[in-house]
Amino acid sequence: MKIAVVGTGYVGLVSAACFAELGHTVIGVDIDAAKVAKLKSGKSTIYEPGLEELIVKGLKSKLLSFTTDLAATLPHVQVVFSAVATPQGEDHKADLRAVFTVAETVAKFADHDLIFVNKSTVPVGTGEKCEERMSKVLSDRGVKHRIPVVSNPEFLREGMAVSDTLMPDRIIVGINGNDHARKIMEDLYRPITRVGKPMVFMTRESAEIVKYASNAFLATKISFINMLTELCEATGGNIRDVAKGMGLDNRIGPRFLHAGIGYGGSCFPKDVKALMATAKEYHLDLSIVEATDRINTRQRQRFFEKILKSLPKKATVGIWGLSFKPKTDDMREAPSLDLIPMLIDAGHTVHAFDPEAMENAKKLLPAGLVFTQSPMDAAKGADALVLLTEWDIFRGADLGELKKAMKGKDLWDGRNIYEPQEARDAGLAYHGIGVN
Ligand SMILES: NC(=O)c1ccc[n+]([C@@H]2O[C@H](COP(=O)([O-])OP(=O)(O)OC[C@H]3O[C@@H](n4cnc5c(N)ncnc54)[C@H](O)[C@@H]3O)[C@@H](O)[C@H]2O)c1
């Protein structure tokens, strides 16, 4: 099948490369000319394990190509996926301008019937709005092309995006009564459903809600365990034991019960807030979602305030990890973006190391921040070391070496990855979250 994927970011680029890997002919479209030029040369524009290999393979087989010209791709494709960003906009609502621009451009230049598939995370009702806008453009042009709008939300995890896309837990498709669009979606995803992965059809509104509900539920699980860290700290409990004890219950499960400084990234914070905005719009009480957001903000603040309070004047602080989570260079809503400016504003010197995100971080963090070549370089001479992202290289750190490299002994473990006793045996003062 011939498809266009508009927006070659974390979702669109992975989707485009994976659809090509599955044998479809894919044109990746982006307004960012520099990005497109880099992709055409076979270089990935993001760090995502396994992605660059797929891009190179797709370009070589000619199943994958890239362009900035959406209008010119339309005559050659049957399906247009929109995977443009939907960042937090006014009043925490999702900013849908890019989605509407793509939808209207498709309607403006379509020369035959197409299927428009929305892969971006969009609030319930957006599919209908796209359809209305496209109908208007088509009728103004005086053409009768049919362009049904399908919702096909994306659930990939950054750092695991290629395998999540090729082997997803489920494919959710929202279509409002269009058998042709359903057949096309079945054909498109057959290489994945053939190996037993479920494809679930529902109304477009339900599909749009599934995405927000899933992210809000996962974020709630994180905030729930984080909420209990304060109780553990106040009473002598240990959140790791509490989470283990809870997670062994099959009805609860162990995943997303790892206490720490809370969630960040390009999805959970904005999607939780966008769901709150939808609740407000419909005058509904989604108070669990509000609490999830509030707890997450407080969790981060609580930890950072403790660090700032503990530091001597003009301290040197080592930071391990800048991206919002391991195995990605994505800096969106990363805790480092909050903590590092606070430290520098307070007159401290900060040395940081991240295996993949330093290039992106340089554009976002204050000029005074020193980037180092290795984790131990970041720890050298530090009064305190703060772990913000649980990259494997930090998990495997020799804590004795760390102690030797540092001037002070405070280890602030924002992700609860170290055994407190092991850190103490190495001569460090261990500060985790919800552990005594
Ligand atoms: N990143 C994730 O882990 C993830 C997971 C699931 C769903 N999502 C959702 O997928 C969507 C995309 O997220 P992302 O992280 O890939 O965003 P991104 O910012 O990485 O990528 C968006 C891309 O769209 C391009 N773009 C913007 N306007 C355009 C236009 N008019 N025409 C063509 N290209 C345009 C940008 O240049 C950029 O390359 C969002 O709605 C997000 O919530 C993201």
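Residues numbered from 1 in each chain as written. Predicted model: local features only at pLDDT ≥ 70, side-chain atom pairs only at ≥ 80, totals over all residues.

**Details of the nonpolar core**
In step 1: By size, the foremost hydrophobic cluster in this structure holds 121 residues, and its most contacted members are Val106 and Phe116.
In step 2: Here the element with the most residues in this core is helix 1 (residues 10-21); it accounts for nine residues.
In step 3: Contacts of Val106, omitting those with residues within four sequence positions, involve Leu74, Val80, Leu114, Phe116, Met134 and Ile147. (Core = buried A, V, L, I, M, F, W, Y, C linked by C-beta atoms within 7 Å. Buried ≥ 20, exposed ≤ 12 C-beta atoms within 10 Å, placed from the backbone. Helix = DSSP H or I, 4+ residues; strand = E, 2+ residues; numbered from the N terminus. Contact = placed C-beta atoms within 7 Å.)

**Some words on the site of the ligand**
In step 1: The environment of the ligand is formed by 26 residues, the closest being Gly7, Gly9, Val11, Ser120 and Thr121.
In step 2: Counting residues per element, the ones that place at least two in the shell around the ligand are helix 1 and helix 5 (97-109).
In step 3: A class-by-class count of the residues in the shell around the ligand yields twelve nonpolar, nine polar and five charged. (Near = placed C-beta within 6 Å. Nonpolar A, V, L, I, M, F, W, Y, C, P; charged D, E, K, R; others polar.)

**Details of the domain arrangement of the protein chain**
In step 1: By the assigned domains, the protein chain splits into domain 1 (2-202) and domain 2 (269-431).
In step 2: Once you take the C-alpha centre of each, domain 1 and domain 2 turn out to be 34 Å apart.
In step 3: Listed as interface residues are 16 residues of domain 1 and, on the opposing side, 14 residues of domain 2.
In step 4: Counted by class, the side of domain 1 that touches domain 2 contains eight nonpolar, four polar and four charged residues. (Domains from an automatic or database assignment.)

**Regarding the packing of helix 12 (residues 287-310) against helix 13 (residues 335-345)**
In step 1: Here helix 12 crosses helix 13 at 30°, and the two axes come no closer than 11 Å. As far as their axial angle goes, helix 13 and helix 12 are roughly parallel. The handedness of the crossing between helix 12 and helix 13 comes out as right-handed. In this structure, helix 12 uses Arg300, Phe304 and Leu308 to contact helix 13, whose residues at the interface are Pro335, Asp338, Leu339 and Met342.
In step 2: Among the residues making up the contact of helix 12 with helix 13, the classes are represented as five nonpolar, no polar and two charged. (Axes fitted to C-alpha atoms, helices over the stretch in contact; angles between N-to-C directions. Parallel < 35°, antiparallel > 145°, perpendicular 65-115°, else oblique. Left-handed = near helix turned anticlockwise from the far one by under 90°.)

**A few points about the pairing of strand 10 (residues 349-353)**
In step 1: Here strand 9 (residues 316-320) runs beside strand 10; their pairing, made up of five bridges, is parallel. Looking across to strand 10, one finds that Ile319 is bridged to Ala352.
In step 2: Handedness of the crossover joining strand 9 and strand 10 through helix 13 is recorded here as right-handed.
In step 3: Judged from the two bridges that link them, strand 10 and strand 11 (residues 370-371) form a sheet pairing that is parallel. (Pairing = 2+ DSSP bridges. Right-handed = clockwise from strand over helix to strand, strands pointing away.)

**Overview of helix 10 (residues 239-247)**
In step 1: Residues of helix 10 that are buried include every one of Ile239, Arg240 and Ala243, and no others. Take helix 10 and look down its axis: the buried residues cluster within an arc of 100°, on one side only. Turned more than 90 degrees off the buried face of helix 10, the exposed positions are Asp241, Lys244 and Gly245.
In step 2: Looking at the buried side of helix 10, the elements it contacts are helix 9 (204-235). (Arc of directions from axis to C-beta.)

**Considering unusual backbone geometry**
In step 1: A positive phi is found at Glu333, a non-glycine position, where the angle reads about 55°.
In step 2: Looking at the element boundaries, Glu333 is found in the loop between strand 9 and helix 13.
In step 3: Glu333 sits in the buried class, given 20 other C-beta atoms within 10 Å.
In step 4: Of note in this structure, Asn416 is not a glycine but carries a positive phi near 50°.
In step 5: Residue position: Asn416 is located in the loop between strand 13 (410-413) and helix 18 (420-425).
In step 6: You can call Asn416 buried: it has 22 C-beta atoms within 10 Å.

**Remarks on the pairing of strand 1 (residues 2-6)**
In step 1: When you tally the buried positions in strand 1, you get four out of five residues, the bulk of the element.
In step 2: Looking at chain direction, strand 1 and strand 2 (residues 25-29) are connected through five bridges and run parallel. Bridging across to strand 2, Lys2 finds its partner in Thr25.
In step 3: Between the parallel pair strand 1 and strand 2, the chain is carried across by helix 1, and the sense of this crossover is right-handed.
In step 4: Sheet topology places strand 1 next to strand 4 (residues 79-82); four bridges connect them, and they run parallel. Of the residues in strand 4, the one forming a bridge with Ala4 is Val80.

**Regarding the environment of Val26**
In step 1: Considering the arrangement of structural elements, one finds Val26 in strand 2.
In step 2: Val26 gets classed as buried once you count the C-beta atoms within 10 Å, which come to 26.
In step 3: Each C-alpha atom, one on Val26 and one on Val80, is 9.8 Å from the other, the two residues being 54 residues apart in sequence.
In step 4: Those residues in contact with Val26 that lie beyond four places of it in its chain are Ile3, Val5, Ala16, Phe19, Ala20, Leu63 and Leu64.

**Topic: the sheet that holds strand 14 (residues 429-431)**
In step 1: Judged by pairing direction, the sheet is parallel, and its six strands sit side by side in the order 11-10-9-12-13-14 without closing on themselves. Of all the strands in the sheet, just strand 11 and strand 14 have a single pairing partner and so form its edges.
In step 2: Running at roughly 150° to strand 10, helix 13 makes contact with strand 9, strand 10 and strand 12 (384-387) of the sheet.

**So, the environment of Ile184**
In step 1: Along the chain, Ile184 falls in helix 8 (residues 179-193).
In step 2: For Ile184, a count of 21 C-beta atoms within 10 Å gives the class buried.
In step 3: For Ile184 and Val79, which are 105 residues apart along the polypeptide, the C-alpha to C-alpha distance reads 8.4 Å.
In step 4: In contact with Ile184, not counting residues within four places along its chain, are Gln78, Val79 and Ile115.

**Observations regarding helix 1**
In step 1: Taking 1.5 Å per residue as the helical rise, helix 1 with its twelve residues ought to reach 16 Å, and the 17 Å between its terminal C-alpha atoms agrees with that figure.
In step 2: The buried fraction of helix 1 amounts to twelve of the twelve residues, a majority that puts the element mostly inside the structure.
In step 3: Where helix 1 is concerned, the buried positions are Tyr10, Val11, Gly12, Leu13, Val14, Ser15, Ala16, Ala17, Cys18, Phe19, Ala20 and Glu21.
In step 4: Looking at the buried side of helix 1, the elements it contacts are strand 1, strand 2, helix 3 (51-61), strand 3 (64-67), strand 4 and helix 7 (161-166).
In step 5: Gly23 sits one or two residues past helix 1 and shows a positive phi near 100°. (Expected span 1.5 Å × (residues − 1).)

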